[in-house]
Amino acid sequence: GFERGHVRPLSYLSDPSSDSGNESRRQDHENERTRSNGNRSFLSPSNSSSSGTFRHPLHSEFSSGSDLHSSLLGSAILDYKSPSPAPSGEVHGEIDEGSYDSESTGSSYTSSYDSSSIDTFPNKGYGKRMMWGRGNYDRGERSRLTNWNRPTYASTKPISNERNRSRRKLQGRNGIPLRLDDAIQLLSQKIQGMFVAFELLISNMPSLVGSLALAWVSLGVDWFKWYEETFDACHPTHYHNKACVFPEFPGCFVCDAEREGYQLVLRFHYICSTVAFVFSSFLVGKTLIAFPVVRDELANPTTAAPLGLLMMALEKVFAGNFGIIGKTVTYVASGLHAAVAMWFIFISIMYRTLPEPSWFSNTTGIGLAAAKMYLYWTPAGYTLCILSTTSFVLFYFVALYRIHTNVKISVPVCWVQLSGPAVVLYGFTIFSQPGSDEDDLALLDEANKEHFFSLHRKIYMPIQHTLFACCLLSMVSSLYLLQTRWKTFREKEFSPAHVSFCAPLVSHANALQAYRSSLQKFSQTPIGTHFKLALYQYWVLVLVVATILVAILTTKFLLFLPQWCQLDVDNDEMPPEPEKTIVTQLLQQGEANDTMNQHFVSAAVLQANESGALVRVLQDGRMKYVRSRRMPSMGFDPILNVSELMSERERLLQNVKDKAVVTGRDRGGLMSFDANYATPVRESKESSGDSPREGSGGPRRRLNFLSFDASTMMRGDHS
């Protein structure tokens, strides 16, 4: 009780059995206390009742040399609500005359408190509370004080100034530090931990965050265009007109900026662009501080597929905005998008894969770059648009056929087919605009204007009708495949692959709005036809559903993001390097190429799952790059569990064996998985002087991927 400021009388420390002389001593002390007016003393209840005042021991003032007030330089905080620690002093010698010596305060207090004095107080309960401090009277405490000579009673030595630092905190070890150096150390540790966590967050950021970035910036544009087309506060103008404040395709409008509705959708547009910029910045930071991870993703078509989404998001955020900065970023993003498209096609040829919807973000997706480059450099926009349309013709129908004949293609990949025709239609709308201010002035001539509209009705609109039909076909196909494969897909845990549903659906809404814009400009049918009304309602429906879906998946993505980026791989077996997997050797010898009809997972997907992803982790106080299969997705595909991986690899090997039997040759001894590695394992054992272990099946030991034994045997260092 000393640290609370309570000073309990020690008259109970006398031997309770020795009652002789107690009455006389109490009487002497009562007379002496009455005569000493200048000394600080504990007033008995009888005296306090007569004087009308009662001074509690807690109210007594300590001397300036007290350790209680000087040890912590004014930073000590007395918490009278928390339980007080036991006193750490010691009782020396015999307790005589009821005196209490406190070495810490240097003061001497004389007490004549006795239980009989409580009887003189009008309220006995109140007297007990006043004598024993705040709160209820504790009979157990009185009993402990009575039996003071037992070894369990705490001492009353002064509290040592050298105390453990963990006790210098309020309310436990995790409380507020009482020393300035402790506070600085704790704060620095917290800041350092935050920096490490943020670095891991950026380094292991899933590349499919680009899907969220593209979805958010597209939502801002679509709802802004919805207001411009729906309300009479806006009027259409051509793309190169200076009055076009937001040159975002399709079409441009001049609006009354004072309208409240316009201000509302404009703020929403800015918010969506800001969110998209933040998500895009994550991937840009990943490229800067963890380039080995990005380089590893670019080495496989499966993991390189989503990278085009980042370029598309940057193009949409910066094009037409931020002056020279926006122009520079648009140029760089468009150039990188074209480079990624060429690289992706190259590695797809090397891996002998066939087109599927996951190709669209890197290939046909440059149609969005065409629409944005058209603002600054018209020939570049036309060139990129032609490349996008050519890619669509070459890849779309093959991909559409394969997703219906190959049940092993995942649901997210099937859903991405929505973005194929949608982005191409969106980018193709640049041909509906005059290429420059001179062309726009030329349209003031009625003859030139008539020729312009006539040519677009004959060539441009049929292409738009075809692309719109492909958009509807992709929507029907996506919903059908989602319904047929939902049973297996819902068993997958939530992963970055799930957010790939966002961008394709919003791109579909973009395509609907672009088609409506062209239809209203060049169609000769009235505005209020059933087809145009149904098209408008369908567009709004898709836009509302896409907004809800993006909000839900973004929330879930942010909730799961910490566990995806801060990986614990200490107890994991390291997967093999991509070039040392069996799938890589099959690919190098041309045995594992894709076919139009196949019952197994693509070899590129199997290689990505077998070798895992390159991730950045904190080990032994240092940042390291390791391979791990803890990343829950590989590109647009959710990662395969171990049983699925083994099953699909056996299917692939069986397909290789069947092809070898049909062709009558065995390329490189790949008739079976065991035969492929029997010789290397045997040679390794013989060179090391070891013999095969008993029960291992001899040199043709079957590799078990469940324990990742294959990784060491593939490196040739298995013993």
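Here the structure is a predicted model, which is why all the values come from computation and not from measurement. (Residues numbered from 1 in each chain as written. Predicted model: local features only at pLDDT ≥ 70, side-chain atom pairs only at ≥ 80, totals over all residues. Heavy atoms only, no water.)

1. Details of the packing of helix α7 (residues 209-230) against helix α21 (residues 530-565)
Next up, step 1: For the pair α7 and α21, interaxial distance at closest approach is 10 Å and the crossing angle is 145 degrees. Judged by the sense of rotation from one axis to the other, the crossing of α7 with α21 is left-handed. Where α7 abuts α21, its residues V209, L212, A215, W216, L219, D222, W223, K225, W226, E229 and T230 lie against Y536, W539, V540, L543, V544, T547, V550, T554 and F557.
Next up, step 2: Its residues assigned to classes, the contact of α7 with α21 shows 14 nonpolar, 3 polar and 3 charged. (Axes fitted to C-alpha atoms, helices over the stretch in contact; angles between N-to-C directions. Helix = DSSP H or I, 4+ residues; strand = E, 2+ residues; numbered from the N terminus. Left-handed = near helix turned anticlockwise from the far one by under 90°. Contact = heavy atoms within 4.5 Å. Nonpolar A, V, L, I, M, F, W, Y, C, P; charged D, E, K, R; others polar.)

2. Points about the side chain of S273
Next up, step 1: Following the sequence through the fold, S273 ends up in helix α8 (residues 260-289).
Next up, step 2: Look at S273 and you get buried, because its relative accessible area is 16%.
Next up, step 3: Here H269 takes part through its backbone oxygen, which lies 3.0 Å from a polar atom of the side chain of S273.
Next up, step 4: The residues contacting S273, other than those within four sequence positions of it, are V217 and V317. (Buried < 20%, exposed > 50% of the residue type's maximum accessible area, 1.4 Å probe, protein only. Polar contact = N/O pair within 3.5 Å; in protein donor to acceptor, adjacent residues only side chain to side chain.)

3. Here we look at the packing of α8 against helix α9 (residues 291-298)
The relative placement of two packed helices is expressed as an angle between their axes plus a distance between the axes.
Next up, step 1: It is at 5 Å that the axes of α8 and α9 come closest, and there the two elements cross at 105 degrees. With respect to their mutual orientation, α8 and α9 come out roughly perpendicular. Contacts between α8 and α9 pair K286, T287 and I289 from the former with F291, V293, V294 and E297 from the latter. (Parallel < 35°, antiparallel > 145°, perpendicular 65-115°, else oblique.)

4. Considering the state of the cysteines
Next up, step 1: Using the criterion set out here, one finds 1 disulfide in the structure.
Next up, step 2: Here C234 pairs with C255 through a disulfide, and the sulfurs are 2.0 Å apart. What sets the handedness of the C234 and C255 disulfide is the S-S torsion sign, and at about 115 degrees it is right-handed. Remark: C255 occurs in strand β4 (residues 252-255) and C234 occurs in strand β3 (residues 234-237); sequence separation between them is 21 residues. As far as the burial class goes, C234 and C255 line up, both buried.
Next up, step 3: With no disulfide partner, C471 has as its closest neighbouring cysteine sulfur the one in C470, 7.1 Å distant. (Disulfide = S-S within 2.5 Å.)

5. Quick word on the nonpolar core
For soluble globular proteins, nonpolar side chains are generally found buried alongside one another.
Next up, step 1: In terms of nonpolar packing, the biggest core is built from 100 residues, with M205, L214, L425 and F557 touching the most fellow members.
Next up, step 2: Among residues more than four places away in sequence, those in contact with L425 are Q464, L467, F468, C471, A511, A514 and Y515.
Next up, step 3: Grouped together as the second largest cluster of nonpolar side chains are 17 residues, A592, V605, L640 and L652 included. (Core = buried A, V, L, I, M, F, W, Y, C linked by side-chain atoms within 4.5 Å.)

6. Quick word on helix α18 (residues 446-484)
Next up, step 1: Over its 39 residues, α18 extends 55 Å from the first C-alpha to the last, a length consistent with the 57 Å expected when each residue adds 1.5 Å.
Next up, step 2: R457 marks where α18 bends most, by close to 45 degrees. (Expected span 1.5 Å × (residues − 1). Bend = angle between axes of the 7 residues up to and from the residue.)

7. Let's talk about helix α16 (residues 419-428)
Next up, step 1: The element α16 is largely enclosed, with a buried count of 10 among its 10 residues.
Next up, step 2: Looking at the packing, one finds that the buried side of α16 touches α11 (307-318), α13 (366-376), α14 (378-405), α18 and α20 (502-522).

8. So, the packing of aromatic side chains
Next up, step 1: Applying the stated criterion across every chain, the model contains 34 aromatic pairs.
Next up, step 2: Ring centres of W415 and F501 lie 5.4 Å apart, and the angle between their planes is 45 degrees; on these two criteria the pair is classed as tilted. In this pair, W415 is assigned in helix α15 (residues 411-415) and F501 in the loop between α19 (486-489) and α20, connecting sequence segments 86 residues apart.
Next up, step 3: With 5.9 Å between their ring centres and 55 degrees between their planes, F489 and F501 make a pair best called tilted. Of this pair, F489 sits in helix α19 while F501 is found in the loop between α19 and α20, placing the two residues 12 residues apart along the sequence.
Next up, step 4: The exposure class of F489 is buried, given its relative accessible area of 7%.
Next up, step 5: Aromatic rings pair up to connect Y374, Y382, F428, F431, F452, F453, Y460 and F522 into one cluster. (Phe/Tyr/Trp six-rings, centres within 6.5 Å; stacked < 30°, edge-to-face > 60°.)

9. What to know about a nonpolar patch on the surface
Next up, step 1: Residues Y331, V332, L336 and W377 make up a contiguous nonpolar surface patch of roughly 380 Å² in combined accessible area.
Next up, step 2: Positionally, W377 belongs in the loop between α13 and α14.
Next up, step 3: Note on W377: relative accessible area 46%, which makes it partly exposed. (Patch = residues over 30% accessible without salt bridge, like charges linked within 9 Å, V, L, I, M, F, W, Y side chains within 5 Å. Areas by Shrake-Rupley, 256 points an atom, 1.4 Å probe, with all protein chains shown as cover. Salt bridge = Lys/Arg side-chain N within 4 Å of Asp/Glu carboxyl O.)

10. Remarks on unusual backbone geometry
Next up, step 1: Positive phi, close to 65 degrees, is recorded for F322, a residue that is not glycine.
Next up, step 2: Within the element layout of this structure, F322 appears in the loop between α11 and α12 (323-350).
Next up, step 3: With a phi close to 55 degrees, D620 is a non-glycine residue in the positive phi region.
Next up, step 4: With respect to the secondary-structure elements, D620 resides in the loop between β5 (613-619) and β6 (622-628).

11. Quick notes on the pairing of β6
Next up, step 1: When β5 meets β6, the two strands line up antiparallel, connected through 7 bridges. Along β6, the bridge assignment pairs A613 with S628.
Next up, step 2: Count of turn residues in the β5/β6 antiparallel hairpin: 2 residues, of which D620 carries a positive phi of about 55 degrees. (Pairing = 2+ DSSP bridges.)

12. Considering the pattern of salt bridges
Next up, step 1: With the rule as written, the count across this model stands at 13 salt bridges.
Next up, step 2: With its nearest N and O atoms 3.6 Å apart, the salt bridge here joins R259 to D256.
Next up, step 3: For D256, a relative accessible area of 34% corresponds to the partly exposed category.
Next up, step 4: Ionic pairing is found between K492 and E644, a salt bridge with its closest N-O pair at 2.8 Å. Of this pair, K492 sits in the loop between α19 and α20 while E644 sits in helix α24 (residues 642-663), placing them 152 residues apart in sequence.
Next up, step 5: Within the structure, one salt-bridge network assembled from shared partners comprises D232, D256 and R259.

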